[in-house]
Amino acid sequence: MSTAMNFSSKSFRPRAPDKGSFPLDHFGECKAFKEKFMKCLKGNSYDNSMCRLQSKDYLECRMDNQLMAKEPLEKLGFKDLMDKPSQENKEAKP
């Protein structure tokens, strides 16, 4: 009697992640933006509507560093914030 196991001959075929899936930020390129967003959430009882500018800044950082696919911010729900400067720009101005 043979003890060898017969596995399926199907090979694994990788596929692109579903929309909304993106790689982890292993090098901390957007860590400061994430921390500002998380601090805002905590300070506002986790009401994400109060932290939309920080969320926008974080997503822009991820797109700029190829940690997620580039998407128009309007498609991500930030159309009303498009004319407002980001938090980073506000802090950089005197």
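- Per an unreviewed UniProt entry, the protein chain goes by the name Cytochrome c oxidase assembly protein COX19 and belongs to Coregonus suidteri.
- What UniProt records for the protein chain under Subcellular location (unreviewed entry) is the sentence "Cytoplasm".
- Taken from UniProt, the Sequence similarities (unreviewed entry) comment for the protein chain reads in full: "Belongs to the COX19 family."

### Side note on the state of the cysteines
Part 1: According to the stated counting rule, one finds two disulfides in the structure shown.
Part 2: Disulfide pairing places Cys30 opposite Cys61 at an S-S distance of 2.1 Å. Between Cys30 and Cys61 the disulfide shows an S-S torsion of about -95 degrees. By sign, it is left-handed. Highlighted residues: Cys30 in the segment before helix 1 (31–43) and Cys61 in helix 2 (residues 52–64), separated in sequence by 31 residues.
Part 3: Classification of Cys30 as buried rests on a relative accessible area of 1%.
Part 4: Among the residues examined, Cys61 registers a relative accessible area of 7% and is labelled buried.
Part 5: In this model Cys40 forms its disulfide with Cys51; the gap between the sulfur atoms is 2.1 Å. Because the torsion about its S-S bond is -95 degrees, the bridge between Cys40 and Cys51 counts as left-handed. Placement of Cys40 in helix 1 and of Cys51 in the loop between helix 1 and helix 2 is noted, with a sequence separation of eleven residues between them. Assigned by exposure class, Cys40 and Cys51 land together as buried.

Rules behind the numbers
Residues numbered from 1 in each chain as written. Predicted model: local features only at pLDDT ≥ 70, side-chain atom pairs only at ≥ 80, totals over all residues. Heavy atoms only, no water. UniProt positions renumbered as here; feature names shortened; annotations may be inferred. Disulfide = S-S within 2.5 Å. Helix = DSSP H or I, 4+ residues; strand = E, 2+ residues; numbered from the N terminus. Buried < 20%, exposed > 50% of the residue type's maximum accessible area, 1.4 Å probe, protein only.

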